[in-house]
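Chains, contacts and geometry: an overview
Spelled out, the chains give:
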Amino acid sequence: MTHDAWLERADVYALGALDGEERAWFEEHLSAGCSQCEERLAASREAAAWLARSLPTEVPSAEVKRRLFARIAREATPPIERRRSALSWSRVAGAVAAMAAVLVVGFLAWDAWTMRRLIGERDTEIRTLQEEKARRKEVYWLLENPQVLTIALAGQAPSPGAAGRFLWLPDERRGLLLTRGLPEAPAGKAYALWAIGSDGPVPAGLFSVDRMGRAQLAVSELAAPGSGRFRQFAVTLEPAAGGPLPTGPMHLAGFVDAKEPA
Amino acid sequence: MRTDVAEDSVQLIEASALGDRRAFERLYDRFAGLVFALALRMLGARTDAEDLVQEVFLQAWRRAESYQPARGTPEAWLLTIARSRAVDRLRSSRSTRDGLERLHARPAVPPAEPASHLISREEDGLAVRSALNHLSEEQRRVLELSYFDGLTQSEIAARLGEPLGTIKTRIRLSLERLRRLLGAAGIGKVAP
């Protein structure tokens, strides 16, 4: 579209006759800063103003002016001057102001409390994210390590839908357990991870699951398997204090792949 | 002289924006008649026109700081406010057809020539009327239908049974002509 179309719209707009989408387009075009259209609009508005000037002179009644300026005077008068003539209103205004003050103080207190609460929530959130980040870093570190073994843990009789993975570095006796689908441990109980070698199970740590049934447990400096290597890992439900040997039902279990040099 | 008046009016609006009621009163005295004439032409009844004058000047007083000299003279600003408020009234109140017919029954350029205290208004009025006489009947008609009767381009096209493009072109040409005629008569140039 050539710019002439915009100038034509400026003319139609000056007469207040631009309508529909065109009106919105033109206003957008104008507010985008088209000085040519702005000039044209001003010139056409002036020309249109002459249409009004061509009308025979008429004078509104003096009453119009009186009413107008009485209203302007009312609007312009500061409240302090009005008090004398409107005592009851000033009392009402005072009560309203007092109420407003109470509301403002209340609001400020509520606002400060809300802010403190929000800051507390943010702090918790940041801590959670930092912990999460540390855990993820551990996962990446383990996954990048060519020595890492991945042991799939299958759900056992009490929770057949559960599953888990144990990322295990045998030489460093360090690993990370990831599970999902385990039911929340009942009060006073906790899940325990066991590393099982030829000399029997070694406790590898206690953990709980979140509401989504997920859990992570970092294992480090695990006791040596006695002789040979750990062949199996298992998760059981134990008293929250834990113990040297498993006593509760087994929820997850998996073998280290025989082909691996575990 | 007109330039001085226009500049003076800008100062009056600026003073009004700062709460100077005397300045605003001078502005009222200067332009109330013009606003009233337009309101009367558009609305028809004196009481409606007087109400409109009060509304227009009340809005001008409350929003004096929004006036931008680059967008036109104070006079054009007041007339724009008046037009848009009058159009609102026309649109909300007219049981469309009667209102329009009543408006169009009136002569386009009323012949009255009353005395005026407004600065050079009559002379200008005469010059403008003679300029308007140089427009074709069709050109005058689109200007009046839009400016005085508040019809939009589409409404005018529907009313006259002509294509929208024709109406737009006619509006452009008639304003172009009016600008040129007023310029030639030495009254088209108004200080910003």
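The structure contained in this document is the topic of the report that follows.

Conventions we followed
Residues numbered from 1 in each chain as written. Chains lettered and ligands numbered in written order. Predicted model: local features only at pLDDT ≥ 70, side-chain atom pairs only at ≥ 80, totals over all residues. Heavy atoms only, no water. Helix = DSSP H or I, 4+ residues; strand = E, 2+ residues; numbered from the N terminus. Buried < 20%, exposed > 50% of the residue type's maximum accessible area, 1.4 Å probe, protein only. Contact = heavy atoms within 4.5 Å. Areas by Shrake-Rupley, 256 points an atom, 1.4 Å probe, with all protein chains shown as cover. Patch = residues over 30% accessible without salt bridge, like charges linked within 9 Å, V, L, I, M, F, W, Y side chains within 5 Å. Salt bridge = Lys/Arg side-chain N within 4 Å of Asp/Glu carboxyl O. Expected span 1.5 Å × (residues − 1). Polar contact = N/O pair within 3.5 Å; in protein donor to acceptor, adjacent residues only side chain to side chain. 1 Å grid on protein atoms, 1.4 Å probe; cavity = no way out; pocket = protein on both sides within 12 Å on 5 of 7 lines; lining within 4 Å. Points joined across faces, edges and corners; volume = space filled by probe spheres on them. Nonpolar A, V, L, I, M, F, W, Y, C, P; charged D, E, K, R; others polar. Axes fitted to C-alpha atoms, helices over the stretch in contact; angles between N-to-C directions. Left-handed = near helix turned anticlockwise from the far one by under 90°.

Moving on, we come to the overall build of chain A. Each helix and strand counted, chain A has 6 helices and 8 strands in total. Along chain A, from the amino end to the carboxyl end, the secondary structure elements read α-α-α-α-α-α-β-β-β-β-β-β-β-β. In chain A, which comprises 262 residues, the proportion classed as buried is 37%. In chain A, of all internal contacts separated by at least 6 residues, the share reaching a separation of at least 24 is 57%. On chain A, roughly 15500 Å² of surface is accessible, and the fraction owed to carbon and sulfur atoms is 58%.

Residue and element names in this part refer to chain A. Its location among the elements puts Arg9 in helix α1 (residues 3-14). Accessibility expressed as a relative area gives 8% for Arg9, which makes it buried. Measuring from C-alpha to C-alpha, the distance between Arg9 and Glu22 comes to 7.9 Å, with 13 residues separating the pair along the chain.

On the surface, a cluster of nonpolar side chains totalling about 560 Å² of accessible area is made up of Val104, Phe107, Leu108, Trp110 and Trp113 of chain A. Residue position: Trp110 of chain A is located in helix α6 (residues 87-144).

To continue, consider the pattern of salt bridges. This model, assessed by the stated rule, comprises 27 salt bridges over all chains. With a shortest N-O distance of 2.4 Å, Lys168 of chain B and Glu22 of chain A are connected by a salt bridge. Pair noted here: Lys168 of chain B is in helix α9 (residues 164-184) and Glu22 of chain A is in helix α2 (residues 20-31), and the two residues belong to different chains. Summarising the burial analysis for this pair, Lys168 of chain B and Glu22 of chain A share the class buried. A network of salt bridges, in which partner residues are shared, links Glu8 of chain A together with Arg172 and Glu176 of chain B.

Before going further, it helps to spend a moment on helix α2 (residues 21-43) of chain B. Residues and elements named next belong to chain B. The end-to-end C-alpha separation of α2 is 28 Å, well short of the 33 Å expected for 23 residues at 1.5 Å each. Of all 23 residues making up α2, 18 are buried, and the element is well covered by its neighbours. Taking the backbone nitrogen of Arg22 as reference, a side-chain oxygen 3.0 Å away marks Asp20 as the first, capping residue of α2. Note on α2: the residue one or two positions beyond its end, Gly44, has a positive phi of about 90°.

Further remarks concern the layout of surface pockets. Estimates place the volume of the largest pocket at around 910 Å³. Considering the residues around the largest pocket, the lining is formed by 34 residues, among which Tyr13 and Arg45 of chain A together with Thr80, Ile81 and Ser84 of chain B are closest to the centre. Elements with a contribution of two residues or more to the lining of the largest pocket: α1, α2 and α3 (35-53) of chain A together with α4 (74-93) of chain B. For the lining of the largest pocket, the leading source of residues is α4 of chain B, giving 11 residues. In the lining of the largest pocket, the residues fall into 14 nonpolar, 10 polar and 10 charged. As a volume, the second largest pocket reaches approximately 400 Å³. Glu132, Leu178, Arg214, Ala215 and Gln216 of chain A are the residues nearest the centre of the second largest pocket, which is lined by 14 residues in total. Looking at the lining of the second largest pocket, the elements that each hand over two or more residues are α6, β3 (174-180) and β6 (214-219) of chain A. It is α6 of chain A that provides the largest number of residues to the lining of the second largest pocket, a total of 5 residues. When the residues that make up the lining of the second largest pocket are grouped by side-chain class, the tally is 5 nonpolar, 3 polar and 6 charged.

This brings us to the interface of chain A and chain B. On the side of chain B, 66 residues touch chain A, which itself brings 41 residues to the contact. Taken together, chain A and chain B are joined by 9 salt bridges. A salt bridge links Glu25 of chain B to Lys65 of chain A; the shortest N-O distance between them is 3.2 Å. Applying the counting rule to chain A against chain B returns 18 residue pairs in polar contact (both at pLDDT 80 or more). For the side of chain A that touches chain B, the secondary structure elements donating two or more residues are α1, α3 and α4 (62-76) of chain A. Considering every element that reaches the side of chain A that touches chain B, the biggest residue donor is α3 of chain A, with 14 residues.

All names here are of chain A. Packing of α2 against α3 brings their axes to within 8 Å, and their N-to-C directions diverge by 115°. Like other packed secondary-structure pairs, α2 and α3 cross with a definite hand, here left-handed. Touching Phe26, His29 and Leu30 of α2 are Cys37, Glu38 and Leu41, all from α3. Partitioning the contact of α2 with α3 into residue classes produces 4 nonpolar, 1 polar and 1 charged.

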